[in-house]
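An overview of the molecular structure
Each chain, letter by letter, is given below.
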Amino acid sequence: MGVLVCGVVVLTLICQSHSLDGATNPLHRFKRYQESASSEPNDCTTRTRQPMVLSKSGNFSLDVRMPGVSPTASDTYLCVAVPVPTTRDAYIVDFEPHASMDTAHHMLLYGCGIPVSTTNYWDCGSVKGTCEDEASIMYAWARNAPPTRLPPDVGFKVGGKSRITYFVLQIHYGDVHAFSDHHRDCSGLTLRMTSKPQPFIAGMYLMMSVTTVILPGNKVTNADVACTYNSYPIYPFAFRTHTHKLGQVVSGYRIRDGKWTLIGRQTPQLPQAFYPATKGINVKYGDTLAARCVFTGEGRTTKTYIGGTSDDEMCNFYMMYYMESRHAAPFQECMEDGSKELFQNIPPEANVPITVPPEMMMHNMMHSAGAPSTPEHQDDMALLQPKREEEEVLDQEYHLEEVTDWPESPLQLGQVSGLALDSDDNLVIFHRGDHQWGVNSFDNSGKYQQQSLGPIQQSTILVVDPVKGSVLKASGRNMFYLPHGITTDKDNNYWVTDVALHQVFKLSSDGRDKPLVVLGEAFEPGSDKEHFCKPTDVAVDPVTGNVYVSDGYCNARILKFSPEGKYLSHWGAGSSDRRRRVQFRIPHSLVFLPDRRELCVADRENGRIQCFVAESGEFVKEIKKQEFGGEVFAISYAPVHGGLIYAVNGESAYGRSAPLKGFVINYSTKEILDDFSPENAQEFGMPHDIVVTKDGRVFVGDAATDSVLKFSSDKAEHRSVKKGGIEVQEIEETETIIQTRLKPQHRVEVAVAKVQIPVATQQKTAEPVQEQPQKPQQQEDDKEKTLAKQSAQGVSPAVITTLLLIPLVVVISIGVLIRYRKNRMYGDGCEVKLEQTSSGGILGKLRGKAAGGLNLGNFFATHKGYTRQGFDRLSTEGSDQEKDDDNDTDSENEEYSAPPPPVGPSSSS
C-alpha cells in the first residue's frame, strides 16, 4: 500500500513540474527561441542551445545569436528576437561580441516590447523593421570592436518595469562573397547580466539636426542643435559622433551660467565608436546641451539635405550617460535648432576640422579600445564613477490607495465639477447642488435652456479639511447655474467658470459673494475676445497674476488675461506650433507649472495632455497614452521629483474607452509611474477634476457619484483595509494571543489550524483560548498521563500508520525541496536568485524607457524626396544601411566601444 501511494505521489509531482514548466514558466518563450534557433541543422547552432549561464550570485549570461543564416545578397539586414529571460528587473553590465568583420558589417541590439516576429529570423531591411512598438538601441558593433564594459554600479535595465521584454539582434551582412562557401552564420553577442539592482541606470541622449541644408560648393556649413535640460542629473561617460561623407567634425557641449564645457569632439570620418567623454562632467536641470556639426559642400552640385541615403547627410551627437536608478530615463533627445545668438559663443575648437591620416584611421579601427593609443589619450580610457549626490527621492513603495474612511462625515454635494487647494492646502470643492447638466440643458447654439430654475441656492463652494473632511466654510449661494472649473490665486481668491452663464468670475475667499472680476456676458455664448462658449477651467500664474481660460466646449482655444481681466492673447493647439498639430477637442482642464513657466491642457476628446510656454503659447510637448483610452478629463501638477503630472481619464464616446483611473506621470519622460482607482470593487463614475496637495495626497472629484475621493500613499491612513472581514490589526493581535497563552507543545497544532481555518473564523477560534484560565499543574500532569495511556493502548495501529506515512512524507519532502530550489534558482520561472523588488512602486517605472522617442522612419517618410528604407529598424539611427566603397568611411558608423572602468571615483564639476 505504501509503495503504491509513493508511486502516485511521485507521478503527480512529475506531472505538476512539467505542467508548470510549460504553462507558468516565463522561460517557455525562451525555449521557443532555442527551438527556432536550432531548427536548421548546422554546427554553429549548437552554441545557441545553452544561452544562459547561471551563477549563485544572481549574475547570468545570455547569448543572442543568429540561428545559422546564409544571406544570398549583399547589404542584407537580418533580425532575430530573443525574449528577456526574466519578468523581473535585470541589468546588462557587459556586452561581448562574437563576430568577425570578414562576415558581418555591423551588429545592432535593440530592446522593445513587441518584435516583428518571435518565431524565426526575418528580413528587417524591408518595411517590417525590428519592432512593432518603439525600438531602443542598446548596443552597436563593427570592425572587430572589443567587448564593452559599463562603469561599476551601472547597467541597462531590462525586464520588470522597463517594458523591454525582447532583444532584437540585427546584423548587416555587407558583402555576400563571404558566404560563397555556403556556410551558416551564428554571429551575435553575449550579454553579461545581473539581478542585483544597480544604483545607476545607463541611457542615451541624442542631439540631432533635422533642418540643415548644405549648399553645393560651400566650404563650411554649420548645423547647430541646442535644448534646455529639464530632468534629473545625468553623468556622461561616452560620446559618439555621426555624419555621412560631408561631415568634418562634431562637437557636444554643456552650457552652464554662460560657460561652455566640452563633452566630446571627434571627426565622424574615424570609426564612429563611443569614445570617453570629458572627465567629471555632469548635466543638471536648467543646463543647456548643444552640439555643432561642421560640413563642407565642396564637390557637390546640388543641395544636400538631412536624410537616410548615402547621398543625404545626418548630424548626430550621441551621449551615453548614467543617472540614479530612481530617476532613470534611458533615452532622451533634442532636435531643436540652436539660436545664432547662443552659438556666437561656441569655443573656436568646434569649427576646426580634425585631419586623420589614413594610417591612424586603420590603427584606431584595430585598437582594442577604439580610441587613439597615444600617451596623451591613455588617461581618457577610464570611465567615470557616478557622483553620488543627496537628492530628493521617491519612495520605492509609493503607491496611491484610497483612504476609505474619508470624509469622517458625509458631505452634502451635487455634481462635483471642480477642485482646488488654498494656500493652507485646504480642499476647495465646486459643485452643482441640486442642478444637473442634462441633455436638455443647452440648445444647438450653446445657449442654456433652464434659466427658469434660477441659480443654485445651496453653497456651491466648500472649503474642506483635507484630513477629516469637515466643512470649514461655505460660499457661492444664488450665483451659479452650472459650475465647472475652479482654481485659486496667490491671494486665495477663487477663479471659477460657469458653462451655463458662459462666464468667468473672480471671487474673494472671505465669504462675500460679490465678484471682483467678471469675464464674458451672462447667458450669451460667443467666440470673440469678450465672450466665451461654455468655458471649462482657469489657471493663474502665481508670479504675474495672468489668467488663462480654457474655452472649452464650443471654442477650441486658450485665452490669456491680465490679473484685472484685460484680454492679452489666445491660441489653439497648432496656432504657434511648427508641426501644426490637431486642434483641441474640448480643452477641459488647465494647470500652471510654476517651475517651468508652462501651461498644460487636458485636451479631453483627443485623449492627450499638451503643454505650452505660458507667455507665448508656443507648443512644448504632448503626452498621449494608450492607458488613457481616448479621453483625459483633468490634470494637476506637483513640482517635486522633477515634475509629476496627475491625471484622470474618462469614458469615450468613440469606442476607445479604458478603465477609469488616476495616473501619475513623469513630466520629463512621459512615463506612467503609478495608476490608482477606488478600493473594494468600487469604480469611478465620472472623475471630473483632480488636485494634489504639497504632501502628495490626491483628491478626485466625481461628477457621477457626487463625491470626492481621497488617495494617499501613507499606509497609516488606510485603517479600514480588511482581509476576510477582519481588520489586519485584529488578526495580528489574535495571533499574538494564541502564541503567548498556549503551551509550546501546542504551537505546531495551532499553526496548522491557522492554515486550515479561514481568516474570517480565526477570531471566533481565538476567543475561547483567550478566556481559558491556566490549569493547575496537577490537572496538566493528569491530562498527560491520560494521553500516554490512550497512546499505549493503540500502539499497533499507530506503528502501522507511521510505517506507511514515513515514505510518503519523505517523498513529499523531496518534491517540496526540489520545487523550492527550482523557484530559488529561476524565480518566476526564469531568474537566478533574483532579489525581490517592489512590483507596484514608482521607482521601477521611473527606470523605464522614455516615451515619445524619435522615429526617423516616420519623420523622413513624410518628407518628399527622402527614402524610409531601413529607418524602421531604429528610432535613433538611419544611416547604417549605407554601402561600403573605397572612398566611404561611413561604413564604420556602428562601432560601439567603451573603455574599462577606473579603480576609484572621480569628482564632478
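Note that the coordinates shown come from a computational prediction; the quantities given were computed from them, not determined experimentally.

From N to C terminus, the protein chain includes 11 helices and 48 strands. Every one of the 909 residues in the protein chain was classed for burial, and the buried ones make up 54%. Of the roughly 40200 Å² that the protein chain leaves accessible, carbon and sulfur atoms contribute 52%.

It is worth spelling out the pairing of strand β9 (residues 154-158) at this point. The element β9 is extensively covered by neighbouring structure, given that 5 of its 5 residues are classed as buried. Relative to β9, strand β4 (residues 90-98) runs antiparallel, the two sharing 3 bridges. Its bridge partner being in β9, Y91 is matched across the sheet by K157. Two strands pair when backbone bridges link them, and β9 and strand β12 (residues 200-209) are joined in this way by 2 bridges, in the parallel orientation. Of the residues in β12, the one forming a bridge with V154 is F200.

Turning our attention to the state of the cysteines. Disulfides are covalent bonds that connect the sulfur atoms of two cysteines. For the coordinates displayed, the defined rule picks out 6 disulfides. The residue that forms a disulfide with C600 is C611, at a sulfur-sulfur distance of 2.1 Å. Across the disulfide from C600 to C611, rotation about the S-S bond amounts to roughly 100 degrees, and the bridge is consequently right-handed. Of the two residues, C600 sits in strand β37 (residues 598-603) while C611 sits in strand β38 (residues 608-613), which places them 11 residues apart along the sequence. Taking relative accessible area as the criterion, C600 reaches 0% and is therefore assigned buried. The exposure class of C611 is buried, given its relative accessible area of 0%.

The next subject is the packing of aromatic side chains. Taken as a whole, this structure holds 29 aromatic pairs when the rule is applied. Aromatic pair W571 and F612: ring centres 5.7 Å apart, planes at 55 degrees, arrangement tilted. Of this pair, W571 sits in strand β35 (residues 567-571) while F612 sits in strand β38, placing them 41 residues apart in sequence. Connected via pairs of aromatic rings, a cluster forms that spans W437, F442, Y448, Y481, F523 and Y553. Across the ring face of F442, the terminal group of K534 is positioned such that the distance to the ring centre comes to 4.1 Å.

Spatial strand order, β28-β29-β30-β31: 4 strands in an open sheet with antiparallel pairing. Each edge of the open sheet carries a strand with a single partner, namely β28 (483-488) and β31 (517-519). Averaged over all adjacent pairs, the angle separating strand axes in this sheet is 15 degrees, with direction ignored. Looking at chain direction, strand β29 (residues 494-498) and strand β30 (residues 503-507) are connected through 5 bridges and run antiparallel. From the neighbouring strand, D498 faces β30, where its bridge partner is Q503.

Size it by volume and the second largest pocket reaches roughly 1100 Å³. Contributing elements (two or more residues each) for the lining of the second largest pocket: β24 (416-421), β28, β32 (535-540), β36 (587-593), β40 (632-638), β41 (644-649) and β44 (687-692). When grouped by side-chain class, the residues that make up the lining of the second largest pocket number 25 nonpolar, 11 polar and 10 charged.

This part is about the pattern of salt bridges. As enumerated under the stated definition, the model contains 19 salt bridges in all. The residue E324 makes a salt bridge to R326 at a minimum N-O spacing of 2.3 Å. Ionic pairing is found between K661 and D675, a salt bridge with its closest N-O pair at 3.8 Å. Linking K661 in the loop between β41 and β42 (662-666) with D675 in strand β43 (residues 672-676), this pair joins segments that are 14 residues apart in sequence. On the accessibility criterion, K661 (27% relative accessible area) is partly exposed. Salt bridges sharing partners connect three or more residues here, namely R163, E627 and E671.

Before going further, it helps to examine the confidence of the model for the protein chain. Close inspection of predicted coordinates is inappropriate for parts of the model with low pLDDT. Summarising the model, the protein chain shows a mean pLDDT of 74, and 65% of its residues fall at 70 or more. Across residues 47-51, confidence stays below pLDDT 50; counting only partners more than four residues off in sequence or on other chains, it has 14 contacts. Counting contacts from residues 574-579, a segment whose pLDDT is below 50, to residues more than four positions away or on other chains yields 12 contacts.

Tracing the chain through its elements places R256 in strand β16 (residues 247-256). Within polar-contact distance, the side chain of R256 engages the side chain of D287 at 2.8 Å.

Turning our eyes to something else, we now look at the environment of C315. Within the fold, C315 resides in strand β21 (residues 315-324). When its relative accessible area of 1% is taken as the criterion, C315 is described as buried. Along the chain, C315 and A291 lie 24 residues apart, while their C-alpha atoms are 9.1 Å from each other. Residues within four places of C315 in sequence aside, it is in contact with M207, M208, S209, A223, H242, T243, C293, F295 and I306.

A cis geometry characterises the amide bond from W406 onward to P407, with omega recorded as -5 degrees. Position of P407 relative to the elements: it lies in the loop between β23 (401-402) and β24. Positive phi outside glycine occurs at D257, with the angle close to 55 degrees. Its location among the elements puts D257 in the loop between β16 and β17 (259-266). Of note in this structure, N492 is not a glycine but carries a positive phi near 65 degrees. Among the secondary structure elements, N492 is positioned in the loop between β28 and β29. For N492, a relative accessible area of 18% puts it in the buried group.

With that settled, the discussion passes to the sheet that holds strand β14 (residues 221-228). Strand order across the open sheet formed by 4 strands is β14-β19-β16-β17, with antiparallel pairing between neighbours. Since the sheet does not close on itself, it has two edges, and those belong to β14 and β17, each with one partner. Averaged over all adjacent pairs, the angle separating strand axes in this sheet is 20 degrees, with direction ignored. In this structure, β14 lies alongside strand β19 (residues 288-295), joined through 8 bridges in antiparallel fashion. In the strand pairing of β19, N222 is matched with V294.

A separate point is the pairing of strand β27 (residues 471-475). In this structure, strand β26 (residues 461-464) lies alongside β27, joined through 4 bridges in antiparallel fashion. By the bridge assignment, V464 is partnered in β27 with V471. Counted along the chain from β26 to the antiparallel partner β27, the turn is 6 residues long, and its residue G469 has a positive phi close to 90 degrees.

Another point: the nonpolar core. Membership of the largest hydrophobic core comes to 61 residues, with the highest contact counts inside it found for I92, V158, F167, L191 and M193. Setting aside anything within four residues of it in sequence, one finds V158 in contact with V84, R88, D89, A90, I92, M138, I164, F167 and M193. Within the second largest apolar cluster, 32 residues are counted, among which are I234, A291, Y321 and A329.

Attention now goes to a nonpolar patch on the surface. On the surface, V213, L215 and Y305 cluster together into a nonpolar patch covering about 220 Å² of accessible area. Structurally, the position occupied by L215 is in the loop between β13 (213-214) and β14. Residue classification places L215 among the partly exposed residues on the basis of a relative accessible area of 37%.

What follows covers the environment of D311. On the secondary structure map, D311 appears in the loop between β20 (304-305) and β21. A residue is classified by how much of its surface remains accessible, and D311, at 54% relative accessible area, is exposed. In this structure the C-alpha to C-alpha distance between D311 and K245, which are 66 residues apart in sequence, comes to 8.3 Å. For D311, the residues in contact, after removing those within four places along its chain, are R300 and T304.

Among the secondary structure elements, S550 is positioned in strand β33 (residues 547-551). A distance of 3.0 Å separates the side chain of S550 from the backbone nitrogen of D537, its partner in a polar contact. Excluding its chain neighbours within four sequence positions, the residues that come into contact with S550 are P535, T536, D537, R557, I558, P587, H588 and L590.

About the cut-offs
All chains use their own residue numbering, which begins from 1 and follows the written sequence. In keeping with the model being predicted, local features are shown solely for residues with a pLDDT of at least 70 and side-chain atom pairs are shown and tallied solely at 80 or more, while totals for entire chains, interfaces and linings include all residues. To obtain the side-chain values, all non-hydrogen atoms of the structure were included, while hydrogens and water were left out. In DSSP terms, a helix is any run of H or I states spanning at least four residues, a strand is any run of E spanning at least two, and both are numbered starting from the N terminus. Buried, partly exposed and exposed residues are distinguished by accessible area as a fraction of the type maximum, computed with a 1.4 Å probe on protein chains only: under 20%, between the cut-offs, and over 50%, respectively. Here, Shrake-Rupley sampling with a 1.4 Å probe gives the accessible areas, and only protein chains in the shown set may cover a residue. Any two strands with at least two DSSP-identified bridges between them are counted as paired. Pairs of cysteine sulfur atoms within 2.5 Å are what we label disulfides. When two rings of Phe, Tyr or Trp (its six-membered ring) have centres within 6.5 Å they constitute a pair, described as stacked for plane angles under 30 degrees, edge-to-face for angles over 60, and tilted for the intermediate range. We call a charge positioned over a ring when the NZ of a Lys or the CZ of an Arg lies within 6 Å of the ring centre and within 35 degrees of the ring normal. To get an axis, fit a line to the C-alpha atoms, keeping to the stretch in contact for a helix; angles then go from 0 to 180 degrees between the N-to-C directions. Cavity means a closed set of points on a 1 Å grid over the protein atoms alone, one where a 1.4 Å probe fits but cannot get out, pocket means an open set with protein on both sides within 12 Å along at least 5 of 7 lines, and lining means a residue has an atom within 4 Å of a point. Grid points are joined across faces, edges and corners, and a volume is the space filled by probe spheres set on the points. Only Asp, Glu, Lys and Arg are considered charged, only Ala, Val, Leu, Ile, Met, Phe, Trp, Tyr, Cys and Pro nonpolar, and every remaining residue, Gly among them, polar. Salt bridge criterion: a side-chain nitrogen from Lys or Arg within 4 Å of a carboxyl oxygen from Asp or Glu. Values of pLDDT, which run from 0 to 100, indicate the predictor's confidence residue by residue. In what follows, a contact means two residues having at least one pair of non-hydrogen atoms within 4.5 Å. Side-chain atoms alone can form a polar contact between residues adjacent in sequence; in general such a contact is a pair of N or O atoms within 3.5 Å, and within protein one must be able to donate a hydrogen while the other accepts it. Buried residues of nine kinds, namely Ala, Val, Leu, Ile, Met, Phe, Trp, Tyr and Cys, make up a nonpolar core once their side-chain atoms join them within 4.5 Å. A residue counts toward a patch only above 30% relative accessible area and without a salt bridge, and it is joined to like-charged neighbours within 9 Å or, for Val, Leu, Ile, Met, Phe, Trp and Tyr, to nonpolar neighbours within 5 Å.

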